[in-house]
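So you can see what is in the structure, the chains are spelled out below.
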Amino acid sequence: MISSLLLLSLAASPNESALKAQLARFAPTEIRVDLKSLPASERAVLPPLLRAAGRMDSLYLAQVWAGNAQLLLDLSQDATPLGKARLHDFIVNKGPWSRLDGDAPFLPGIPPKPAEASYYPSDSRAEVDKLIKGATGDLKQQVTSFYTVGRRTESGALVFLPYSSVYQEALALVATDLREAAKATQQPSLRTFLEARAAALLSNDYRASDIAWMDLDSSIEPTLGPYEVYEDGWFNLKAAFEAFISITDAAETKKLQSLGARLQDLEDHLPIDHEYRNPKLGSAAPIKVVNEIFCAGDANHGVQTAAYNLPNDEEITRAKGTKRVMLKNVQEAKFQKVLLPISKQVLSPAAQKHVSFEAFFTHILMHELMHGLGPHEAPPGSQKTVREALGNTYGTLEEAKADISGLWALQQLVDKGALPKSLEQSMYSTFLASAFRTLRFGLNEAHGRGQALQLNYLLDKGAFRKIAGCRFEVDESKVKDGVRDLTHDIMTLQAEGNRAKAESMLSTLGVIRPDVKCALDRLGKIPVDIEPKFVTAEGLSKE
Ligand SMILES: [Zn+2]
C-alpha cells in the first residue's frame, strides 16, 4: 500500500530518469577484503559483528527523521520502476533528501529536512539553547550529553532521555550480537572492546568502551555506536549511530611505522628558518590503516567516508588522545572510479600514465603525518597557537600545508632511499590529477580552497603547466623547487602568525581561475563518489 504522503504533489518530484541521473553520480563499486589471513576464531567473530553493524541503519534512520521508518516500508512495497528508483535513492541518502543537492527532497509531499533531526522537539530550539547556556549540574549533563534526546512529556515539559531507554529494544539486540562476537574472539583487546561497548549501549555510559577502542590492537577493527554529531544541525551535540567493520592492513601499518620513525629527521630539514623547526616532536596520534568490510548508519550515506578520527568525547581525548582510521580499500575504490577518469580528462596523455594508487595513498598517509610537523605556535615558544593567530584562515592554510609539505616529504624520503624511486615519477602527476578531484568539492571547504591555492601557486611557478586542449602536466625541472617554496611560504606564514598575509594569499590564489575552470567543466559526467556493494560482508552473512 502507498501511504498518503506519496500521493501529494506528484508533479513536483523527480521522475524515474531524473532519479537515475541523480544516482549515476555514485558509481556502484564492489567492496571486498581478503580474509585468508584470519584464523577460524576471528572469522567466527564477523557474522554476529556484521549483524550488530547492520542494525545501525534503522537506528540512524530513526534519528534523521521520525517519518523514515514508515516511508521505507511504503517504498519497499512499490514494485514499479519509479518506486524502485525511489527506494534506491532513499537507501543511498538514508532518507528522502538528496545530500548532494542541498538536501532537496526527491519524493513528493516531503517536508524540508529538519535541521534538528529527531533529536529535539521541532519547537524547542530556544528552550534548548537556554538550557545549554544556563543549566548546571545533572540537568546540564543531560542536555549536553552526546547520548540523550529531547522529548516533550504529556504536560508539555521538555525532558532529555538516554539513548539506552529511547532505543532500548534495538540496542538490546545489538548488545547480544556484540557479546556473541566477544565470545568467539581470541584477541583480548577486541574482546574487551566488544564487551565494554555492549555494556555501554545498555547503560548509556560510553567512556570505558571508548578507552577500549583506543587500545584495540586486533586484526579486526570495529567502530560501532553513536559517534559523529553533524546530523544535529541545531547544536552539533547529539551523536548518530554508525558502524565501520574493517580488517587491519598489516603491510600498510608497517609502512606507516617506518614513515613515522623518520618524522623528526623530516622536521629537522623542513625548508624554513631553523628557529621555526621543532627540535623535539611530541608523540604522533596513532593512525591505523584498515580495509573496510562493511559500514552502516551515519557511516553510509551520500559521499563515503574514507578516513575518520575518533573519539569526540573531550574527557577521553584529553586522557588518551584520538585515533585516525584510514580505509584503504575505500580510498582505492574512489581512486579507480573517480580519480582515474578525472586524470584522463585533465592530464596530458604522457602524465596520465604516471597516475598510481600507490602514490595517491602514500601521499594521503604523509598528509596526515605532516599535520604534526611545522610550526604550531606563532611565533614558536609564545604559547599562542597558529590557530588563534590565523583565525578563520587557519583551516585552509593548515590543509594546504599538510598537502604540499606531504609532497615535499615524499621527495625527501625518495632521495634518502626510504621510498622507491618509482614514486618520484608518479607522485607529482597523481597529485595534479587529485587537485582537480578536490576542487570539485568547491571553495567553501578547507580542502578545496587549500587545493586551489596550491594549484595556482604551482602553475604560477611553472611547476605545473597548461598545454593545448586545457590539459595539464608536470614540469619535472621546476616542480621540486615549486613544492619546496610553497612549503616554505605557508609554514613561515604560520610561524609568523601573519593573518594579513594569509588573507591576501587566499584572495589571490584561493580561487578558480578560467585556466583551471575549463578543465573542471569537462568533469560533469564523472561520478562524484562510489556506492559500495559489500560483497565480502554479504558472503559472510550467509554463513
Ligand atoms: Zn588534513
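Quick notes on the rules
Residues numbered from 1 in each chain as written. Predicted model: local features only at pLDDT ≥ 70, side-chain atom pairs only at ≥ 80, totals over all residues. Heavy atoms only, no water. Helix = DSSP H or I, 4+ residues; strand = E, 2+ residues; numbered from the N terminus. Rg over C-alpha atoms; globule rule 2.2 N^0.38 Å. Buried < 20%, exposed > 50% of the residue type's maximum accessible area, 1.4 Å probe, protein only. Contact = heavy atoms within 4.5 Å. Areas by Shrake-Rupley, 256 points an atom, 1.4 Å probe, with all protein chains shown as cover. Lys, Arg positive; Asp, Glu negative; His and termini not counted. Charge placed at Lys NZ, Arg CZ, Asp CG, Glu CD. Disulfide = S-S within 2.5 Å. Axes fitted to C-alpha atoms, helices over the stretch in contact; angles between N-to-C directions. Parallel < 35°, antiparallel > 145°, perpendicular 65-115°, else oblique. Left-handed = near helix turned anticlockwise from the far one by under 90°. Pairing = 2+ DSSP bridges. Core = buried A, V, L, I, M, F, W, Y, C linked by side-chain atoms within 4.5 Å. Salt bridge = Lys/Arg side-chain N within 4 Å of Asp/Glu carboxyl O. Polar contact = N/O pair within 3.5 Å; in protein donor to acceptor, adjacent residues only side chain to side chain. Domains from an automatic or database assignment. Phe/Tyr/Trp six-rings, centres within 6.5 Å; stacked < 30°, edge-to-face > 60°. Lys NZ or Arg CZ within 6 Å of the ring centre and 35° of its normal. Arc of directions from axis to C-beta. pLDDT = per-residue confidence, 0-100.

Glancing now at the overall build of the protein. The number of helices and strands found in the protein is 27 helices and 13 strands. For 543 residues, the compact-globule estimate of 2.2 N^0.38 gives 24 Å, and the protein sits close to it at 24 Å. If one aligns the C-alpha atoms of the protein with their principal axes, the spans along those axes are about 70 × 55 × 55 Å. Among the 543 residues that make up the protein, the fraction classed as buried is 54%. Within the protein, counting contacts between residues at least 6 apart in sequence, those at least 24 apart form 74% of the total. Accessible surface, the protein: about 23,200 Å² in total, of which carbon and sulfur atoms supply 54%. Considering the protein, the positive charge centre built from 62 side chains and the negative charge centre built from 67 side chains are found 3 Å apart.

Evaluated as defined, the whole model comprises 1 disulfide. The side chain of Cys470 participates in a disulfide bridge whose partner is Cys518; the two sulfur atoms lie 1.7 Å from each other. Every disulfide takes its handedness from the sign of the S-S torsion; for Cys470 and Cys518 that torsion is 75 degrees, giving right-handed. With Cys470 in the loop between β11 (464-467) and β12 (471-474) and Cys518 in helix α26 (residues 514-520), this residue pair connects regions lying 48 residues apart in the sequence. Cys470 sits in the buried class, given a relative accessible area of 11%.

Attention now moves to the packing of helix α14 (residues 250-260) against helix α19 (residues 357-370). Relative orientation of the contacting elements α14 and α19 amounts to 50 degrees, with a least axis distance of 11 Å. Judged by the angle between their axes, α14 and α19 are oblique. For the element pair α14 and α19, the recorded crossing hand is right-handed. Where α14 approaches α19, its residues Glu252, Lys255, Leu256 and Leu259 are matched on the opposing element by Glu358, Phe361, Thr362, Leu365, Met366 and Leu369.

Attention shifts here to the sheet that holds strand β9 (residues 307-310). Sheet architecture is open: 5 strands sit in the order β6-β7-β8-β10-β9, paired in mixed fashion. Lying at the two open borders of the sheet, with one neighbouring strand each, are β6 (220-226) and β9. With strand direction ignored, the average angle separating the axes of adjacent strands in the sheet is 35 degrees. Where β9 and strand β10 (residues 323-327) come together, 4 bridges link them in antiparallel fashion. Bridged to Asn309 within β10 is Arg324. Sheet strands in contact with α14 are β7 (241-248) and β8 (287-297), and its direction is about 140 degrees off that of β8.

The biggest cluster of nonpolar side chains holds 85 residues, and the ones touching the most others in it are Leu46, Leu178, Leu194, Trp213 and Ile293. Those residues within four positions of Leu194 in sequence are excluded, and the remaining contacts are Val45, Leu49, Leu178, Ala181, Ala182 and Pro222. Counting residues in hydrophobic clusters, the runner-up holds 78 residues, among them Leu266, Val289, Ala452 and Leu493.

So, about the pattern of salt bridges. Counted according to the given criterion, the structure contains 40 salt bridges. Residues Lys113 and Glu231 are paired through a salt bridge, measuring 2.6 Å at the closest nitrogen-oxygen approach. You can see Lys113 sitting in the loop between β3 (104-105) and α8 (125-134) and its partner Glu231 sitting in the loop between β6 and β7, a full 118 residues away along the chain. Close ionic contact of Lys533 with Glu531 constitutes a salt bridge, the shortest N to O distance being 3.5 Å. On the basis of relative accessibility, which here comes to 35%, the residue Lys533 falls in the partly exposed class. In this structure Glu531 comes out as buried when scored by relative accessible area, which is 11%. One network of salt bridges, with partners in common, ties together Asp249, Glu252, Lys255, Lys328 and Glu358.

Moving on: the environment of Ser13. Within the element layout of this structure, Ser13 appears in the loop between α1 (4-7) and α2 (16-23). Taking C-alpha positions, Ser13 is 49 Å from Lys320, a pair spaced 307 residues apart along the chain. Here Ser13 is in contact with Arg86, Phe106, Leu107 and Pro108, once residues within four sequence places are set aside. Within the structure, the side chain of Ser13 is placed 3.5 Å from the side chain of Arg86, a separation counted as a polar contact.

Taken domain by domain, the protein consists of domain 1 (66-113), domain 2 (125-166) and domain 3 (168-540). Put simply, the middle of domain 1 and the middle of domain 2, counted by C-alpha atoms, are 30 Å apart.

Here Asp177 lies in helix α11 (residues 168-184). On the accessibility criterion, Asp177 (4% relative accessible area) is buried. Polar side-chain contacts of Asp177 include one of 3.3 Å to the side chain of Arg51. Here Asp177 is in contact with Pro48, Arg51, Ala52 and Arg55, once residues within four sequence places are set aside.

It is worth spelling out the packing of aromatic side chains at this point. Aromatic ring pairs are defined here through the distance separating the ring centres and the angle between the ring planes. Here the structure, examined in full by the defined rule, presents 20 aromatic pairs. Seen in terms of ring centroids, Phe335 and Phe360 are 5.6 Å apart; in terms of plane orientation they differ by 40 degrees. Their pairing is tilted. Note that Phe335 is positioned in helix α17 (residues 328-346) and Phe360 in helix α19, a separation of 25 residues in sequence. Both residues of the pair, Phe335 and Phe360, count as buried. Between Phe357 and Phe361 the ring centres are 5.7 Å apart and the planes differ by 25 degrees, which places this aromatic pair in the stacked class. Here the residue Phe357 and the residue Phe361 both occupy positions in helix α19, the gap between them amounting to 4 residues, near one helical turn. Of the aromatic side chains, those joined through ring pairs into one cluster are Phe146, Tyr147, Tyr163, Tyr167, Tyr206 and Phe241. For the cation-ring pair, Arg125 lies above Phe235, with the distance from its terminal atom to the ring centre recorded as 5.8 Å. If you follow Lys323 out to its NZ or CZ, it ends over the ring of Trp213, 4.0 Å from the centre.

It is worth spelling out α14 at this point. Turn by turn, an α-helix covers 3.6 residues, leaving residues three or four places apart pointing in a common direction. Taken residue by residue, α14 has Glu252, Thr253, Lys255, Leu256 and Leu259 as its buried positions. Summarising the axial view, the buried residues of α14 lie within an arc of 160 degrees, below the 170-degree limit, and thus occupy one face. Turned more than 90 degrees away from the buried face of α14 sit Ala250, Ala251, Lys254 and Gln257, all of them exposed. Of the surrounding elements, those touching the buried residues of α14 are β7, α15 (263-268), β8, α17, α19 and α21 (394-415). In this structure Asp249 caps α14, since a side-chain oxygen of it lies 3.3 Å from the backbone nitrogen of Ala251.

Bringing the confidence of the model for the protein into the picture now. Here the protein shows a mean pLDDT of 94. Residues at 70 or above account for 98%. Long-range and interchain partners of residues 1-11, a stretch whose pLDDT sits below 50, account for 17 contacts in this model, where long-range means more than four residues apart.

Moving on, we come to the environment of Ser477. Summarising the element assignment, Ser477 is placed in the loop between β12 and α24 (479-496). Taking the C-alpha atoms as reference, Ser477 lies 23 Å from Leu266; in sequence the two are 211 residues apart. There is a polar contact of 2.6 Å between the side chain of Ser477 and the side chain of Asp475.

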